[in-house]
Amino acid sequence: MFASPYSSAFTIRRHSDMELDIDTKRAALKASPSVVSVVSYKGGKMMFPGSGTIIDCEEVNGTYTSTILTSTTLLGSSPESDTLQDDIKVNVFLADGKSFTGRVSAYDFHFNIATICITSDVALPTACLRPLDVSIPIYPSDCNSNSFRLGSGDMVVAIGRFCGKTHELMAAPGKFRKPCLPWLGMELTNLYTATIRKLDKVFSKFNISRGVLVKKVIKGSPAEQAGILHGDIIVQCGEKEVQSSLEFHDIIWEKVRLTEEVVVLRESSAARLNLKVFVDETSPEKVNRWPVPETSKASVKKASVLIKKRKRLL
């Protein structure tokens, strides 16, 4: 489960409490203590409301500093902006409505993540985080990892809090999708998703149980220039064996603008192929954004009006 960055009503309208299954409700309630509402302001005007998850709480000399993971959408002048506003202010609201002034401690507009820090006199509940393992082997006997297994298509739950008066919890089920990668111009998936025909042909030549299957190669991309083809299986990157698409991403994370050697298996070849691929950098126009639905934008305007009315009443 993860906290949705958008505190809008569209998830509730699409997934009312009556529509949510018991497992989704149970997961949302278990994580709810660490889920907060986050609102950004500029010049006293609300820019965007969202949600975040408390992922760490550290005590220093009797004061607690909590770190909240959220979206950079809160920090730009608009959902499409990739520039941090100089005079931005962030307020964080707990489930009981208690508010804190947040400080932006880190952000990355490309990967659309940010961390906000707040201080409190008491320890705040944090999310229970577990290592993620998406290396699902062909052979069941190899499943001995203590990490949480997550593969493409698995069900997940997005949770968040409204920015309104009650800061109610919202939840919406969904499916896990592959993360973004430094741009190589190819689409990858784990080996276990390959067809039985594909696996039979590869296993007849090579003794493997893990790898990354190349599903698509874009024309003119670094992957094509390196000689990587659709249907290839990447089993090694640099000096490390590749067991999953996320592990491949982790290996090349620090290799942007560098050339890395990959070992590829191909049906038409009887030997392993050593190819050199240039890890290109994603250009600004390819900034990864979580789409903001039109209903969410309308909800932001409505929330601004309600807040102004409430201030006049006070």
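Within every chain, residues take consecutive numbers counted from 1 along the sequence as written. With pLDDT at 70 or above as the cut-off, local features in this predicted model cover only qualifying residues; side-chain atom pairs require 80 or more to be listed or tallied, and sums for whole chains, interfaces and linings still use all residues. Hydrogen atoms and water are omitted, and side-chain values are computed over all heavy atoms in the structure.

**Quick look at the overall build of the protein**
Heads up, the condition is: Secondary structure is summarised from DSSP: a helix means a run of H or I of at least four residues, a strand means a run of E of at least two, and numbering begins at the N terminus for each. Exposure categories follow from relative accessible area, calculated using a 1.4 Å probe and restricted to protein chains: below 20% of the type maximum is buried, above 50% is exposed, and the middle band is partly exposed. Here the Shrake-Rupley method, with its probe set to 1.4 Å, supplies the accessible areas, and only the displayed protein chains count as covering residues.
Scanning the protein from N- to C-terminus turns up six helices and 17 strands. The buried share among the 314 residues of the protein stands at 43%. Total accessible area computed for the protein in this model is approximately 17,700 Å², and 53% of it derives from carbon and sulfur atoms.

**Quick notes on the packing of aromatic side chains**
To keep things clear, this is the line we draw: Any two of the Phe, Tyr and Trp rings considered here, Trp counted by its six-membered ring, make a pair once their centres fall within 6.5 Å; the pair's planes then place it as stacked at under 30 degrees, edge-to-face at over 60, or tilted in between.
For the structure on display, the rule yields one aromatic pair. For the ring pair Tyr107 and Phe109, a centre distance of 5.6 Å and an interplane angle of 70° mean the geometry is edge-to-face. Classification of Tyr107 by relative accessible area gives partly exposed; the value is 43%.

**Some points on the sheet that holds strand 6 (residues 99-108)**
Put simply, the test is: At least two bridges found by DSSP between two strands are what make those strands a pair. Lines fitted to C-alpha atoms define the axes, with helix axes restricted to the stretch in contact, and inter-axis angles between N-to-C directions lie between 0 and 180 degrees.
One closed barrel accounts for six strands, arranged 2-3-4-7-6-5; its pairing is antiparallel. Within the sheet, the average angular offset between the axes of one strand and its neighbour, ignoring direction, is 40°. Bridge analysis of strand 5 (residues 88-93) against strand 6 gives four bridges, and the strand direction is antiparallel. Residue pairing in the sheet places Val92 in a bridge with Phe100 of strand 6.

**Structural notes on the pattern of salt bridges**
Cut-off, in case you're wondering: Should a side-chain nitrogen of Lys or Arg be within 4 Å of a carboxyl oxygen of Asp or Glu, the pair is scored as a salt bridge.
In total, this model carries six salt bridges according to the counting rule given. For Arg26, the salt bridge is made with Asp23, and the minimal N-O distance between the two is 2.9 Å. Of this pair, Arg26 and Asp23 both sit in helix 2 (residues 22-31), three residues apart, which is roughly one turn of the helix. A salt bridge links Asp232 to Arg266, with the nearest nitrogen and oxygen atoms 2.8 Å apart. Highlighted residues: Asp232 in the loop between helix 4 (222-226) and strand 14 (233-237) and Arg266 in the loop between strand 16 (259-265) and strand 17 (273-278), separated in sequence by 34 residues. Bridged by salt links that share partners, the residues Arg197, Lys198 and Glu267 form one connected network.

**Observations concerning unusual backbone geometry**
Positioned with a positive phi, Asn61 is a non-glycine residue whose angle comes to about 55°. As for its placement among the helices and strands, Asn61 is situated in the loop between strand 3 (45-60) and strand 4 (63-70). Overall, Asn61 belongs to the exposed group, its relative accessible area being 78%. Even without being a glycine, Arg257 presents a positive backbone phi close to 70°. Judged by relative accessible area, which is 48%, Arg257 ranks as partly exposed.

**Brief notes about the confidence of the model for the protein**
Keep this limit in mind: pLDDT measures how confident the predictor is about each residue, on a scale from 0 to 100. Only heavy atoms enter the contact rule, under which two residues are in contact if any of them lie within 4.5 Å.
Per-residue confidence for the protein gives a mean pLDDT of 78; residues scoring 70 or more make up 74%. With pLDDT under 50 throughout, residues 1-16 is counted as low confidence; its partners more than four residues away or in other chains account for 55 contacts. Here residues 290-314 scores under 50 on pLDDT; set against residues more than four positions off or in separate chains, the count is 30 contacts.

**Looking at the side chain of Ser34**
Formally: What qualifies as a polar contact is a pair of N or O atoms within 3.5 Å, subject to a donor-acceptor requirement within protein and to the restriction that residues adjacent in sequence count only when both atoms come from side chains.
Mapping Ser34 onto the fold places it in the loop between helix 2 and strand 2 (35-42). For Ser34, the side chain forms a polar contact with the main-chain oxygen of Ala31, separated by 2.9 Å. Ignoring anything within four residues of it in the chain, the contact list for Ser34 reads Gly52, Thr53, Ile54, Pro125, Thr126 and Ala127.

**Examining helix 3 (residues 196-203)**
Stated precisely, the cut-off is as follows: Note: the arc covers the axis-to-C-beta directions of the helix.
Listed in full, the buried residues belonging to helix 3 are Lys198, Leu199 and Val202. The arc enclosing the buried residues of helix 3, seen along the axis, measures out at 95°, which places them on a common side. Turned more than 90 degrees from where helix 3 packs its buried face, Ile196 and Asp200 sit exposed. Where helix 3 is buried, its residues contact strand 13 (212-217), strand 14 and strand 16.

**As for the nonpolar core**
The following threshold applies: To define a nonpolar core, start from buried Ala, Val, Leu, Ile, Met, Phe, Trp, Tyr and Cys residues and group those joined through side-chain atoms within 4.5 Å.
Membership of the largest hydrophobic core comes to 19 residues, with the highest contact counts inside it found for Met186, Ile228, Ile234, Phe248 and Val262. Only strand 12 (186-190), strand 13, helix 4, strand 14, helix 5 (245-252), strand 16 and strand 17 provide two or more residues apiece to this core. The element contributing the most residues to this core is helix 5, with three residues. By size, the runner-up hydrophobic cluster in this structure holds 18 residues, among which are Val36, Phe48, Ile68 and Val90.

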